[in-house]
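A closer look at the structure
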Amino acid sequence: MNWDDTRIFLAVCRQATLRGAGRLLGVDQATVGRRINALEKDLGTTLFLRTSEGYVLTAPGEAAYASAQLMEGAALELQRQIQGLDNRLSGEVRITTTDSLAVDFVIPAIASVHREHPDVRVRLDASSQILSLSRREADIAIRNQKPENPDLVARCIAKWPLALYAAPGYVEQYGEPVQGEAFAGHDMVIYQPYLDSGKPVTLAAEPITRGRIAATVSSGLMMRRAIAAGVGVGELPVRLGELDGLLRLWPERSRGTTYDVWLVTHQDLRHTARVRVVIDKIVEAFGALI
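Notes on the structure in this doc start here. Just so it is clear, the structure is predicted and the values come from calculations on it, not from any experiment. (Residues numbered from 1 in each chain as written. Predicted model: local features only at pLDDT ≥ 70, side-chain atom pairs only at ≥ 80, totals over all residues. Heavy atoms only, no water.)

**Quick notes on the packing of helix 5 (residues 99-116) against helix 8 (residues 220-228)**
What counts, and what does not: Between N-to-C directions, angles cover 0 to 180 degrees, with each direction set by a line fitted to C-alpha atoms, over the stretch in contact for helices. Going along the chain from the N terminus, every DSSP run of H or I of four or more residues is numbered as a helix, and every run of E of two or more is numbered as a strand. Here roughly perpendicular refers to angles of 65 to 115 degrees, roughly parallel to angles under 35, roughly antiparallel to angles over 145, and oblique to all remaining angles. For this analysis, residues touch if any pair of their heavy atoms sits within 4.5 Å. Any residue that is not Ala, Val, Leu, Ile, Met, Phe, Trp, Tyr, Cys, Pro, Asp, Glu, Lys or Arg is counted as polar, Gly included; the first ten are nonpolar and the last four charged.
Between helix 5 and helix 8, the least distance of the axes is 5 Å, while the angle of their chain directions is 80 degrees. For the element pair helix 5 / helix 8, the angle class is roughly perpendicular. The segment helix 5 lies against helix 8, with Asp 99, Ser 100, Val 103 and Asp 104 engaging Gly 220, Leu 221 and Arg 224. Of the residues contributing to the contact of helix 5 with helix 8, the split by class is two nonpolar, two polar and three charged.

The structure is reproduced here in structure tokens:
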């Protein structure tokens with residue numbers, strides 16, 4: 001298997017459809033199908049079962065997948081090591097983060113990079129999907145969880161308490177929730193993955209059993225905007241609540257855990273000039289607003 005065939009094979013393994021693999025690779029699905037058929041012919045075996053639910057690996061396909069992952073790892077390691085020696089302040093840097101952190105911190109950092117180094121181009125992916133730095137889906141990640149991969153270098157750039165917030169207009173109309181009454185008579189905005197976790201849901205360490213869930217959201221930015229629109233009370237990292245001009249309720253109370261922001265990159269890339277300047281500007285943007 002050559003590397004081009006391996007990339008296509010891996011994409012079909014991970015996406016389970018020709019369309020999905022083509023979208024991932026930036027080619028049409030017919031091309032993906034032809035390459036997979038040719039690969040199976042060259043190897044003299046069937047790698048995938050074609051089912052109504054997508055492409056499923058056969059036993060030979062699973063063996064090929066294990067070997068293809070090793071090939072991918074070697075190719076990416078070579079690419080990272082070469083790129084890590086690059087001292088040019090030009091080229092693309094890929095960042096993955098959440099929409100909320102992108103708006104207030106990463107985009108201002110990108111603007112600063114562009115003013116000083118106009119040949120550095122940033123590709124920003126702001127979503128809840130976690131991209132892989134090891135597979136070079138991104139060069140820099142800004143996450144609220146520290147990764148365990150020893151090949152990644154992580155730096156905590158913010159540590160914020162989580163507290164209860166509401167829009168001024170909401171408090172004017174409904175007043176503040178009373179501590180100990182489990183949000184009786186109040187509307188709430190809840191993070192949907194928190195509900196899906198199956199754990200007892202609290203806001204600022206208060207049960208929500210007597211309140212009404214007015215909306216659930218799947219991202220930090222939607223949470224901020226929903227609270228600011230007066231949909232209900234909700235929990236936010238304190239710095240983000242302050243940036244949005246929201247009222248902090250029960251200032252003496254917060255969630256027991258903090259919202260930590262980690263800046264993560266691969267150890268082979270952290271000294272690449274263009275990656276380094278972007279990291280520095282992101283750290284500067286967080287430092288200016290905390």
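Continuing now.
**Points about the nonpolar core**
Generally speaking, soluble globular proteins have nonpolar side chains that are buried together. Counted only if it meets this: Residues enter a nonpolar core if they are buried and are Ala, Val, Leu, Ile, Met, Phe, Trp, Tyr or Cys, with the set joined through side-chain atoms within 4.5 Å. Think of it in three bands: residues with accessible area under 20% of the maximum for their type are buried, residues over 50% are exposed, and the middle band is partly exposed, with areas taken using a 1.4 Å probe on protein chains only.
Residues Ile 140, Ile 142, Trp 160, Val 261, Val 278, Ile 282 and Phe 286 are the most contacted members of the largest nonpolar core, which totals 52 residues. Not counting residues up to four positions away in its chain, the partners in contact with Ile 142 are Ile 95, Thr 96, Thr 97, Thr 98, Leu 101, Val 106, Val 261, Trp 262, Ile 282 and Phe 286.

**Things to note about the side chain of Arg 253**
Short version of the rule: Distance and chemistry together define a polar contact, namely a pair of N or O atoms within 3.5 Å, with one atom able to donate a hydrogen and the other to accept it when in protein, and with adjacent residues in sequence counting only for side-chain atoms on both sides.
Residue position: Arg 253 is located in the loop between strand 12 (247-249) and strand 13 (258-266). According to the relative accessible area criterion, Arg 253 is buried, its value standing at 18%. A polar contact is formed between the side chain of Arg 253 and the side chain of Gln 179, at a distance of 3.0 Å. Discounting chain neighbours no more than four positions away, the residues touching Arg 253 are Ala 163, Gln 179, Ala 204, Ala 205, Glu 206 and Arg 248.

**Topic: the pairing of strand 6 (residues 152-166)**
Note the cut-off: A pair of strands is considered paired only if DSSP assigns at least 2 bridges between the two.
Pairing of strand 6 with strand 13 involves nine bridges; the strand directions are antiparallel. If you follow Trp 160 over to strand 13, its bridge partner there is Tyr 259. Judged from the four bridges that link them, strand 6 and strand 11 (residues 234-237) form a sheet pairing that is antiparallel. Paired with Ala 163 across the two strands is Leu 236, which belongs to strand 11. Note: strand 6 against strand 12, three bridges, orientation antiparallel. Across the sheet, the residue bridging to Ala 166 is Leu 247, located in strand 12.

**Digging into the environment of Leu 49**
By the element assignment, Leu 49 lies in strand 1 (residues 48-51). Take Leu 49: its relative accessible area is 47%, and that puts it in the partly exposed class. Once residues lying within four places of it in the same chain are set aside, the contact partners of Leu 49 are Gly 54, Tyr 55, Val 56 and Thr 58.

**Let's talk about the packing of aromatic side chains**
The condition that has to hold: Stacked, edge-to-face and tilted are the three classes for Phe, Tyr and Trp ring pairs, Trp counted by its six-membered ring, which pair at centre distances within 6.5 Å; planes under 30 degrees apart are stacked, over 60 edge-to-face, the rest tilted.
One pass over the structure, following the stated rule, counts eight aromatic pairs. Where Trp 160 meets Tyr 259, the ring centres are 6.2 Å apart and the plane angle is 5 degrees; that geometry is what we call stacked. Taken as a pair, Trp 160 in strand 6 and Tyr 259 in strand 13 lie far apart in primary sequence, 99 residues in all. Here Trp 160 matches Tyr 259 in class, with each residue buried.

**What about the layout of surface pockets?**
Heads up, the rule is: Here a cavity means grid points, on a 1 Å grid over the protein atoms only, where a 1.4 Å probe fits yet cannot get out; a pocket means an open set of points with protein on both sides within 12 Å along at least five of seven lines; lining residues are those with an atom within 4 Å of a point. Grid points are joined across faces, edges and corners, and a volume is the space filled by probe spheres set on the points.
The volume enclosed by the largest pocket comes to roughly 1200 Å³. Lining the largest pocket are 39 residues, with Asn 144, Gln 145, Tyr 191, Pro 193 and Tyr 259 sitting closest to its centre. Going through the elements one at a time, strand 3 (91-97), helix 5, strand 5 (140-143), strand 7 (187-191), helix 7 (192-196), helix 8, strand 11 and strand 13 are the ones with two or more residues in the lining of the largest pocket. Partitioning the lining of the largest pocket into residue classes produces 17 nonpolar, 15 polar and seven charged.

**With respect to unusual backbone geometry**
Not every positive phi belongs to a glycine, and Phe 183 is a case in point at roughly 65 degrees. Structurally, Phe 183 can be placed in the loop between helix 6 (168-174) and strand 7.

**Comments concerning the environment of Arg 121**
Considering the arrangement of structural elements, one finds Arg 121 in strand 4 (residues 120-126). Ignoring sequence-local partners within four residues, the contact set of Arg 121 consists of Gly 91, Glu 92 and Val 93.

**Topic: the pattern of salt bridges**
Threshold: Salt bridge, as used here: a side-chain nitrogen of Lys or Arg that lies within 4 Å of a carboxyl oxygen of Asp or Glu.
Taken as a whole and assessed by the stated rule, the structure comprises 16 salt bridges. Residue Asp 5 pairs with Arg 35 through a salt bridge whose shortest N-O separation is 2.9 Å. Taken as a pair, Asp 5 in helix 1 (residues 3-15) and Arg 35 in helix 3 (residues 29-43) lie far apart in primary sequence, 30 residues in all. Looking at Arg 35, the relative accessible area reads 30%, which means it is partly exposed.

Bear in mind that shape data such as this cannot, by itself, settle questions of function.
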